[in-house]
Amino acid sequence: MIEYLNLLDDFLWEYLSIPAIIILGGYLTMRYKAAQVRKLRSVWKELLSCYSQPSSDIKGIHPLHAFFTTMGGCIGVGNLVAVCTAVKIGGPGALFWMWVTAIVGMSVKYAEIYLSVKTRTEDESSEYLGGPMYYIESSLSKFWGIIFAILLSIYGIEVYMFKIVTETVSTSWQLPQIWVSIALLLMVLYAVQGGAKRVGQLCSLVIPLFVAGYLLMSSWVLAVNYQKVPAMCWLILESAFTGHAPIGAFAGSGVLIAVSQGVKRACYTGDIGVGYAGVVAAQASEESEGQQARFSYIGIILDTFIVCTLSVLLILISGVWQMNISESEMVTYVLSQYFPGTSIFMPVFIFLLGYSTIIAFFHVGLCCMEYISPRYGQLLYYMYAIFAFMTFSYLDAYAALALMNICGAIMLVINVLALWLNRKALKL
């Protein structure tokens, strides 16, 4: 079955999703004269100014909490594992295409958040509701809005992340996987019961802690091996345009595979074109569509250009990507060579990251089901989540990742079409 999932996954991305994201991202980047680069300094100031805003007695969730919730869906186990899978399949050149996708993808993510905030509505309790399904409904039809919401709700059950987390913790600490799965599931249900504010508060604690710690540790490893850095950079560029021959446990790959893997992983880890960030940002108290959308520039920099890039550089500079080691263990293996106790604290990092990602996506899935069925949607989603999480805990991780990729590819095509139809409504 996994072979058929992978075939469908490759077809959707190579012939539909990749061209769609590159064309729209390139168009928006040229239209706004690379605003994601020009305005970066001012966006940092806008984000820092949010720290002085009050967090109580406001309508919606705090802009900073909304930002970190979107980051919770980006910075996670995918930055440590999925990117290693991209290199394992597509070679070192996949990182270059992740960078290209991230640059043009900033414009796409800006557009979907901008429109999500612009078209949001209010529920009976005066809370904000929004997301791509709302502007898809207005530009395409209610049918396509529902289709998108169904796919995003399926995507919102982060089965790949759940499996990686439970496997890592149970293996590292010698615990029964069933009990780890149950404990994680209960923690997820507790978090999402508190709504967007609780999810945002938890992500605001976990994400900065991880980024700071991971940046320090990875920078030390790269500094110790600074003599290898020039050759590694050349390897990335050469592999991006010529492919890479078989070496060690690496089976070799062509340029098309490197491009495919790079774009897929950039969209997956950076939430580019998928629409998750739009649902969260629409619930923010910030009234300016542009400001909340501009925060996505920083999000992708932290996600792709820092965390994902560091993960790939670690496995390249150490040669681990050529070894017969599971992708879920590559980064941990490298860090363990330099930092004693990595096998103890790294599972904690992975658990916290996976937890923040799972609850963030779960919350978005609940919002999508509420859009589909305001009365019964959330109850049905809880039932589906329990079944999906516990089932996929014992299935192949590649099957879970393929399912996520397929849903992401279809959502991306629908979303990009709606963004193109609404392009005249976009402003900086």
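The preceding data block contains the structure.
Draft legend 1. Structural view of the state of the cysteines. If you walk through the whole model with that rule in mind, you get 0 disulfides. Left unpaired, cysteine 233 is separated from the closest cysteine sulfur, that of cysteine 308, by 17 Å. With relative accessibility at 38%, the residue cysteine 233 sits in the partly exposed group. Note on cysteine 367: no disulfide assigned, nearest cysteine sulfur contributed by cysteine 368 at a separation of 6.9 Å. Owing to a relative accessible area of 11%, cysteine 367 belongs among the buried residues under this scheme.

Draft legend 2. How the structure looks around the packing of helix H8 (residues 132-139) against helix H18 (residues 342-372). Following both chains from N to C, one finds H8 and H18 inclined at 35 degrees, their axes separated by 10 Å at the closest point. Contact with H8, carried on its side by Met133, Tyr134 and Glu137, involves Cys367, Cys368 and Tyr371 of H18 and no other residues of that element. Of the residues that constitute the contact of H8 with H18, the class distribution is 5 nonpolar, no polar and 1 charged.

Draft legend 3. Geometry of the packing of aromatic side chains. According to the stated counting rule, one finds 21 aromatic pairs in the structure shown. Seen from their ring centres, phenylalanine 67 and phenylalanine 295 are 6.2 Å apart, and the 75 degrees between their planes marks the pair as edge-to-face. Residue phenylalanine 67 is found in helix H4 (residues 63-72), and its partner phenylalanine 295 is found in helix H16 (residues 289-318); the two are separated by 228 residues along the sequence. In terms of burial, phenylalanine 67 and phenylalanine 295 fall into one category: buried.

Draft legend 4. Quick peek at H4. By the criterion of burial, H4 is predominantly enclosed, with 10 of the 10 residues buried. Of the positions making up H4, those classed as buried are Pro63, Leu64, His65, Ala66, Phe67, Phe68, Thr69, Thr70, Met71 and Gly72.

Draft legend 5. Broad picture of the pattern of salt bridges. Evaluated as defined, the whole model comprises 5 salt bridges. Two residues, aspartate 9 and lysine 264, come together in a salt bridge whose shortest N-O distance is 3.3 Å. Of the two residues, aspartate 9 is situated in helix H1 (residues 2-31) and lysine 264 in helix H14 (residues 255-270); the sequence distance between them amounts to 255 residues. Lysine 264 carries the same exposure label as aspartate 9, and that label is buried. Across the salt bridge formed by lysine 264 and aspartate 10, the nearest N and O atoms sit 3.3 Å from each other. With lysine 264 in helix H14 and aspartate 10 in helix H1, this pair connects stretches of sequence that are 254 residues apart. Residue lysine 264 is classed as buried on the basis of its relative accessible area of 1%.

Rules used throughout
Residues numbered from 1 in each chain as written. Predicted model: local features only at pLDDT ≥ 70, side-chain atom pairs only at ≥ 80, totals over all residues. Heavy atoms only, no water. Disulfide = S-S within 2.5 Å. Buried < 20%, exposed > 50% of the residue type's maximum accessible area, 1.4 Å probe, protein only. Axes fitted to C-alpha atoms, helices over the stretch in contact; angles between N-to-C directions. Helix = DSSP H or I, 4+ residues; strand = E, 2+ residues; numbered from the N terminus. Contact = heavy atoms within 4.5 Å. Nonpolar A, V, L, I, M, F, W, Y, C, P; charged D, E, K, R; others polar. Phe/Tyr/Trp six-rings, centres within 6.5 Å; stacked < 30°, edge-to-face > 60°. Salt bridge = Lys/Arg side-chain N within 4 Å of Asp/Glu carboxyl O.

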